[in-house]
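Here are the chains, one letter per residue:
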Amino acid sequence: MAKVIKMFQTLRNHWKKTTVGIGLLTWGGHWLYGKHCDNLLRRAACQEAQVFGDQIILPNEQLKKAMVFLNPAACKGKARSLFEKNAAPILHLSGLDVTIVKTDYEGQAKKLLELLENTDMIIIAGGDGTVQEVITGLLRRADEASFSKIPIGFIPLGKRSTLSHTLYPESANQVQHITEATLSILKGEMMPVDVLQIKGNKDQPVFAVTGLRWGSYRDAGAKVSKYWYLGPLKTKAAHFFNTLKGWPQKHPVSLTYLGPTPRPPEEPERKTQRPPLHVRLYKRLAQYWAPTVKEIPKEVTPEAWQETQLSAIEFSITTQNRSLDLKRTEDFMNICIEPDTISKGEYIKRGSQKLQDPHLCPEGSQCLQASRCILQLPEDTEGSLAIDNEEYEAMPVEVTLLPRKLRFFCDSQKKEQMLQGAS
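Each value, and the rule that gives it
Residues numbered from 1 in each chain as written. Predicted model: local features only at pLDDT ≥ 70, side-chain atom pairs only at ≥ 80, totals over all residues. Heavy atoms only, no water. Core = buried A, V, L, I, M, F, W, Y, C linked by side-chain atoms within 4.5 Å. Buried < 20%, exposed > 50% of the residue type's maximum accessible area, 1.4 Å probe, protein only. Helix = DSSP H or I, 4+ residues; strand = E, 2+ residues; numbered from the N terminus. Contact = heavy atoms within 4.5 Å. Axes fitted to C-alpha atoms, helices over the stretch in contact; angles between N-to-C directions. Parallel < 35°, antiparallel > 145°, perpendicular 65-115°, else oblique. Left-handed = near helix turned anticlockwise from the far one by under 90°. Polar contact = N/O pair within 3.5 Å; in protein donor to acceptor, adjacent residues only side chain to side chain. Expected span 1.5 Å × (residues − 1). Pairing = 2+ DSSP bridges. Salt bridge = Lys/Arg side-chain N within 4 Å of Asp/Glu carboxyl O.

(A) Molecular detail of the nonpolar core. Within the largest apolar cluster, 32 residues are counted, with the highest numbers of intra-cluster contacts made by I122, F154, L167, L406 and F408. With 5 residues, the top contributor of residues to this core is helix α6 (residues 128-139). If we ignore the near neighbours within four places in the chain, the residues touching F154 are I124, G126, G127, V131, S161, L163, S164, L167, Y168, A181, I185 and F408. Ranked by size, the runner-up nonpolar core spans 28 residues in total, among them I198, L212, L368 and V399.

(B) Geometry of the packing of helix α4 (residues 79-93) against helix α9 (residues 174-187). One way to put it is that α4 packs onto α9 with a least axis distance of 9 Å and a crossing angle of 30°. On the basis of their axis angle, the class for α4 and α9 is roughly parallel. In this structure, α4 crosses over α9, and the sense of that crossing is right-handed. Across the interface between the two elements, L82, N86, A87, I90 and L91 from α4 touch Q174, V175, I178, T179, T182, L183 and L186 from α9.

(C) Focus on the side chain of T162. Summarising the element assignment, T162 is placed in the loop between β4 (152-156) and α8 (164-167). For T162, the side chain forms a polar contact with the side chain of D128, separated by 2.7 Å. When near neighbours in sequence (up to four residues on either side) are disregarded, T162 contacts D128, T210 and N389.

(D) Region of the structure containing helix α12 (residues 277-289). In a regular helix each residue adds 1.5 Å, so 13 residues correspond to 18 Å; α12 covers 19 Å between its end C-alpha atoms and thus fits that length. Within α12, only 0 of the 13 residues are buried, which leaves it mostly out in the open.

(E) Seen up close, the pairing of strand β10 (residues 306-318). By the bridge criterion, 5 bridges tie strand β7 (residues 211-215) to β10 in an arrangement that is antiparallel. Bridging from a neighbouring strand, G215 pairs with E314 of β10. In this sheet, β10 lies alongside strand β8 (residues 251-258) in antiparallel orientation, the contact comprising 7 bridges. Residue pairing for β10: T256 is matched across the bridge by E307. For β10 and strand β12 (residues 333-339), the ladder comprises 6 bridges, and the chain directions are antiparallel. Opposite T318, over in β12, you have N334 as the bridge partner.

(F) Representation of the pattern of salt bridges. This model, assessed by the stated rule, comprises 15 salt bridges. Salt-bridge contacts for R80 lead to E84; the nearest nitrogen and oxygen are separated by 3.2 Å. Taken together, the positions of R80 and E84, both in helix α4 and 4 residues apart, correspond to about one turn of that helix. The salt bridge partner of R141 is D143, with a shortest N-O separation of 2.9 Å. You can call R141 buried: its relative accessible area is 13%. Counted as one network, the salt bridges with shared partners bring together R213, E314, E338 and K354.

Rendered as structure tokens:
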């Protein structure tokens, strides 16, 4: 008892050291408990994947091939470790024939997609930049009509993974988010995703699943990291210093666009069987004796293009993928024109919101719906275009909506929520 009393007296006499020690022990215990919970999540996910791997394969069947494009540089270089710890064991236990391709430099995924042979699925492990590279390389192929039907899986490993908010439920635990996304690929539930084809006057077209931005908020957001030494004030500082270059900041643009197009009914894919020999002979003889009459081509109604001259502080074009409506009757992309009449204080305040949600369209903005548009920028335009959060040289572009172009694996509950919300 005397030793216990002496120990408490010592702790009381050295209360500063005691406080620091208790704080360190509490933090260490919480950290170890978090690691233990992450290991339990990984074990449960591997056990669920093992069920798929234990399924019997018939003698005439082959293993499904999965081509994984991993960007090790995503998430500040942590993507490789995150993938190997959380996603790779699940894929290998599932019974898939997995091939992992690690990209070494920007643009490599586009080149590798040109050489890709037949595969049963494509898996993207990275962030927004990796998604854009893979789908751009995929849709630039000469046989993109058939290759675009290959289902795509997305494992969110990047600092920005915008598409994951559409495909999977929100989760504060990164390990849980990655494992659930990987399991969703094995379960096979899919949803169609719109794609934007963005064609400039120089290179081949670029494809995006989120959208395009051009304006003052984008320029200021790209400089936030330069003011890291200001801590939580770095976002406001970047937008404040941007106002010193000139105010109001106007971005004149000429916009020509087409309105929404009606969505055709989605027909299920049917595998047509070859008819019997006597049916084929009968059709050929009938075609020989009674050739088909050539139809007179109908007059094509000219498209109703609309043209307008605009001036905005920021201009953005986005798909419907963020708030996907699987039962909508029209296909269109959203065009948001933010007015350049706001004050400096409102600009700095809204800049923080735009950093959290880059494609936010605030109140007072002009919103248009289009299936195709041509964006004409003035000559010697400064700044850059942000296409799926990747920088490109500012230039006139033609943006075309490709509705339901790709199919991504998704969480079944997330898809059910979208269907219920649409109904």
